[in-house]
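Now for the letters of each chain:
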Amino acid sequence: MTDSDPLARYRQKRDFRQTPEPEGAICHGGRHEGLFVVQKHDATRLHYDFRLELDGVLKSWAVTRGPSLDPEEKRLAVEVEHHPLDYGGFEGVIGSGYGAGTVMLWDRGSWEPLSEDPAADLAGGRLHFRLHGTRLKGGWHLVLMRGRGRGTRRNWLLIKDRDEEARPGSGDALLREATTSVLSGRDLAQIATGAPGRG
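Below: a short report on this structure. Because the structure is predicted, anything quoted here is derived from the model rather than measured. (Residues numbered from 1 in each chain as written. Predicted model: local features only at pLDDT ≥ 70, side-chain atom pairs only at ≥ 80, totals over all residues. Heavy atoms only, no water.)

**Side note on the overall build of the protein**
Then comes step 1: When its secondary structure is counted, the protein shows four helices and nine strands.
Then comes step 2: On C-alpha atoms alone, the protein measures out to a radius of gyration of 16 Å, which is about the 16 Å that the 2.2 N^0.38 rule sets for 199 residues.
Then comes step 3: Overall size of the protein, expressed as C-alpha extent along the three principal axes, is 40 × 40 × 35 Å.
Then comes step 4: Taken across its 199 residues, the protein has 50% of its residues classed as buried.
Then comes step 5: Taken as a whole, the protein presents about 9,500 Å² of accessible surface, with 47% of it coming from carbon and sulfur.
Then comes step 6: If you average the places of the 29 positive and of the 29 negative side-chain charges in the protein, the two averages end up 5 Å apart. (Helix = DSSP H or I, 4+ residues; strand = E, 2+ residues; numbered from the N terminus. Rg over C-alpha atoms; globule rule 2.2 N^0.38 Å. Buried < 20%, exposed > 50% of the residue type's maximum accessible area, 1.4 Å probe, protein only. Areas by Shrake-Rupley, 256 points an atom, 1.4 Å probe, with all protein chains shown as cover. Lys, Arg positive; Asp, Glu negative; His and termini not counted. Charge placed at Lys NZ, Arg CZ, Asp CG, Glu CD.)

Next up, the structure:
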């Protein structure tokens, strides 16, 4: 990956003749903050892909146990390759190859950094931000875990703020309650079989 093409790793990992994922492009024209999405991904291991729009791409993390509204739950978020903004609307089945499995659009909305320079915050290892989603709201933190990654992998923690949107002691309750797509109303099994979504 280079600064001139932040989507190089994304494209290198995929054969767009085989995958329905969008090839996408960098959104030029300055800094972009706005979109956030969470995609539930039933791949080799079920996880939730957390994405924030910044500098023309979706900065992305694989949250292995999914987000929690409990501030005591510090969820591992493994930094992965940047994704194109078009990916923010993707839901479907990746049939084979990298990331094979079913993808659900589990949450989406807008986000706002709680500082003047979110790119510098990410580079420094701590980002504080607010989410305005269907399921995730209020303040959140991404905190880099120092010296805990293997090789070039960067491990972060996704942590809910103690605010009016927090649900202390709730653990995984949100993940048990929210099992359908915010886009189509389908669950993973319905997406996998191509069942029609809501009109």
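**Here we look at the pattern of salt bridges**
Then comes step 1: Following the criterion strictly, the structure yields 11 salt bridges and no others.
Then comes step 2: What emerges from the salt-bridge pattern is a single network uniting R65, E73, R75 and D172. (Salt bridge = Lys/Arg side-chain N within 4 Å of Asp/Glu carboxyl O.)

**Some words on the side chain of E81**
Then comes step 1: Within the element layout of this structure, E81 appears in strand β4 (residues 75-83).
Then comes step 2: A relative accessible area of 3% places E81 in the buried class.

**Focus on the nonpolar core**
Then comes step 1: Ranked by internal contacts, the top residues of the largest apolar core, which has 28 residues, are F50, L52, W106, F129, L131, L136 and L142.
Then comes step 2: Looking at this core element by element, the count peaks at four residues for strand β2 (residues 46-54).
Then comes step 3: Sequence-distant contacts of L142, defined by excluding residues within four places in its chain, comprise F50, L52, W61, A77, G125, R126, L127, F129, W156, L157 and L158.
Then comes step 4: Membership of the second largest hydrophobic core comes to seven residues, among which are Y10, L85, Y87 and F90. (Core = buried A, V, L, I, M, F, W, Y, C linked by side-chain atoms within 4.5 Å. Contact = heavy atoms within 4.5 Å.)

**Here's the deal with the packing of aromatic side chains**
Then comes step 1: Applying the stated criterion across every chain yields a total of seven aromatic pairs.
Then comes step 2: With a centroid separation of 5.5 Å and 80° between ring planes, the pair formed by Y48 and W106 is classed as edge-to-face. Pair noted here: Y48 is in strand β2 and W106 is in strand β6 (residues 101-113), with a separation of 58 residues, a long-range link.
Then comes step 3: Residue classification places W106 among the buried positions, given a relative accessible area of 0%.
Then comes step 4: Geometrically, the ring pair formed by W61 and W156 is edge-to-face, given 6.1 Å between the ring centres and 80° between the ring planes. (Phe/Tyr/Trp six-rings, centres within 6.5 Å; stacked < 30°, edge-to-face > 60°.)

**Some words on the environment of E23**
Then comes step 1: Along the chain, the position of E23 falls in the loop between α1 (8-12) and β1 (35-42).
Then comes step 2: E23 sits 13 residues away from Y10 along the chain, and the two C-alpha atoms are 8.6 Å apart.
Then comes step 3: Once residues lying within four places of it in the same chain are set aside, the contact partners of E23 are Y10, R11, F16 and P84.

**Describing the pairing of β2**
Then comes step 1: Counting buried positions along β2 gives eight out of nine residues, so the element sits mostly inside the fold.
Then comes step 2: Taken together, the seven bridges between β1 and β2 define a ladder with antiparallel strand orientation. Looking across to β2, one finds that H41 is bridged to H47.
Then comes step 3: Between β1 and β2, which pair antiparallel and follow one another directly, the connecting turn spans three residues.
Then comes step 4: Both β2 and strand β3 (residues 57-63) contribute to a ladder of seven bridges, which runs antiparallel. Residue Y48 lies in a different strand from β3, and its bridge partner there is V63. (Pairing = 2+ DSSP bridges.)

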